[in-house]
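Residues per chain, in single letters:
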Amino acid sequence: DDDDINDVASMAGVNLNEESARIMATNSDLVGTQIQSCKDEPFLAAIPLHKRILETAKKLGITDVPAEVVTFISHATQNRLRTVIEKVTVITQHRMESYKDDEWYEQATDVRSQLKFFEQLERLEKQRKDEQEREILLKAAKSRSRQEDPEQARLKQKAKEMQQQELAQMRQRDANLTALAAIGPRKKRKLDAPGLLTVGGEGVGLCAGSQAGLGAASPRQYPRQKITRVNLRDFIFFMEQEREMSRSLLLYRALLK
């Protein structure tokens with residue numbers, strides 16, 4: 001037939017039905033079985049874990065623990081640790097979430113601004129006290145009484161030191177201004193210019209066909225990996241939500257830290 005002409009297997013003289021029957025008869029023991037290419041490695045070290053399980057089992061009257069139990073406990077530990085990390089990560093992400101840009105939330109208090117206001121008040125109060133002390137010292141320095149007590153002499157000495165310190169600060173400020181005027185305005189280096197490589201403070205232009213083989217300097221953008229930092233408070237919140245750990249000794253120890 002025309003179908004037989006187009007069939008490559010028939011043209012080669014191969015009967016597919018006979019070949020399928022021969023394969024099933026030869027490898028009948030392999031049909032329906034699952035072959036795993038990678039080795040099942042336990043999450044925990046098998047020998048120390050087996051020893052620890054035997055120590056616990058002997059207290060309950062069990063003398064033999066097969067290797068399958070050790071593997072099962074190791075996989076269960078891995079699964080439990082993965083679940084704990086996932087839940088604590090979600091808790092940390094909720095804690096770090098910011099609602100400043102959300103249109104459904106309105107900021108009621110701003111603690112940072114309040115702290116800045118209190119710091120400004122303390123700075124003004126300190127400045128006012130310094131001004132009062134400066135006036136007292138200046139008055140003591142201007143007094144010309146013949147009979148001076150030790151307190152008056154101490155105030156005069158302190159006023160003299162204060163005037164010398166102010167004079168030194170004024171000289172230092174004038175020297176800095178003179179040095180800046182002599183240097184001139186500082187020029188900013190263009191670091192974002194394409195095809196420019198800075199070597200030793202000098203700009204060196206690069207082209208695609210340069211003999212050095214460096215090519216055009218195209219900045220490579222590497223994706224920044226977001227790091228989730230989990231603290232003890234997140235773990236405490238997680239243990240408080242878990243039924244098995246809400247009354248555990250581990251939670252009480254964490255609360256005492």
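Residues numbered from 1 in each chain as written. Predicted model: local features only at pLDDT ≥ 70, side-chain atom pairs only at ≥ 80, totals over all residues. Heavy atoms only, no water.

**What to know about the pattern of salt bridges**
Here is step 1 of the chain: Overall, the coordinates contain 6 salt bridges when judged by the stated rule.
Here is step 2 of the chain: Among the salt bridges present, the one from R128 reaches E125, with a minimum N-O distance of 2.3 Å. Residue R128 and its partner E125 are both found in helix 6 (residues 111-142); the two are separated by 3 residues, about one turn of the helix.
Here is step 3 of the chain: Using a relative accessible area of 40% as the deciding quantity, one classes R128 as partly exposed.
Here is step 4 of the chain: By relative accessible area, which is 33% here, E125 ends up partly exposed.
Here is step 5 of the chain: Linking K126 and D130 is a salt bridge whose minimum nitrogen-to-oxygen distance equals 3.4 Å. Residue K126 and its partner D130 are both found in helix 6; the two are separated by 4 residues, about one turn of the helix.
Here is step 6 of the chain: A residue is classified by how much of its surface remains accessible, and K126, at 54% relative accessible area, is exposed. (Salt bridge = Lys/Arg side-chain N within 4 Å of Asp/Glu carboxyl O. Helix = DSSP H or I, 4+ residues; strand = E, 2+ residues; numbered from the N terminus. Buried < 20%, exposed > 50% of the residue type's maximum accessible area, 1.4 Å probe, protein only.)

**Some thoughts on helix 4 (residues 46-59)**
Residue pairs spaced three or four apart in an α-helix point in one direction, given the helix's 3.6 residues per turn.
Here is step 1 of the chain: Between its first and last C-alpha, helix 4 extends 20 Å over 14 residues, near the 20 Å set by a 1.5 Å rise per residue.
Here is step 2 of the chain: Within helix 4, the full set of buried residues consists of L49, I53 and A57. Axial view of helix 4: buried residues confined to an arc of 70 degrees, hence all on one face. In this structure, helix 4 carries I47, P48, K51, R52, K58 and K59 as exposed residues pointing more than 90 degrees from its buried face.
Here is step 3 of the chain: Residues of helix 4 that are buried sit in contact with helix 5 (67-96).
Here is step 4 of the chain: Positive backbone phi, approximately 90 degrees, marks G61, located one or two places after helix 4. (Expected span 1.5 Å × (residues − 1). Arc of directions from axis to C-beta. Contact = heavy atoms within 4.5 Å.)

**Concerning the nonpolar core**
Here is step 1 of the chain: Of all hydrophobic cores here, the largest spans 9 residues; its members are V84, V88, I91, I236, F238, M239, M245, L251 and A254.
Here is step 2 of the chain: The set of elements that each furnish at least two residues to this core consists of helix 5, helix 8 (232-241) and helix 9 (249-256). (Core = buried A, V, L, I, M, F, W, Y, C linked by side-chain atoms within 4.5 Å.)

**Notes on the packing of helix 4 against helix 5**
Here is step 1 of the chain: One can describe the packing of helix 4 onto helix 5 by two numbers: an axis separation of 10 Å at closest approach and a directional angle of 105 degrees. As judged from the angle between their axes, helix 4 and helix 5 are roughly perpendicular. The residues of helix 5 that touch helix 4, namely those facing A46, L49, H50 and I53, are V70, I73 and S74.
Here is step 2 of the chain: Looking at the contact of helix 4 with helix 5, its residues break down into 5 nonpolar, 2 polar and no charged. (Axes fitted to C-alpha atoms, helices over the stretch in contact; angles between N-to-C directions. Parallel < 35°, antiparallel > 145°, perpendicular 65-115°, else oblique. Nonpolar A, V, L, I, M, F, W, Y, C, P; charged D, E, K, R; others polar.)

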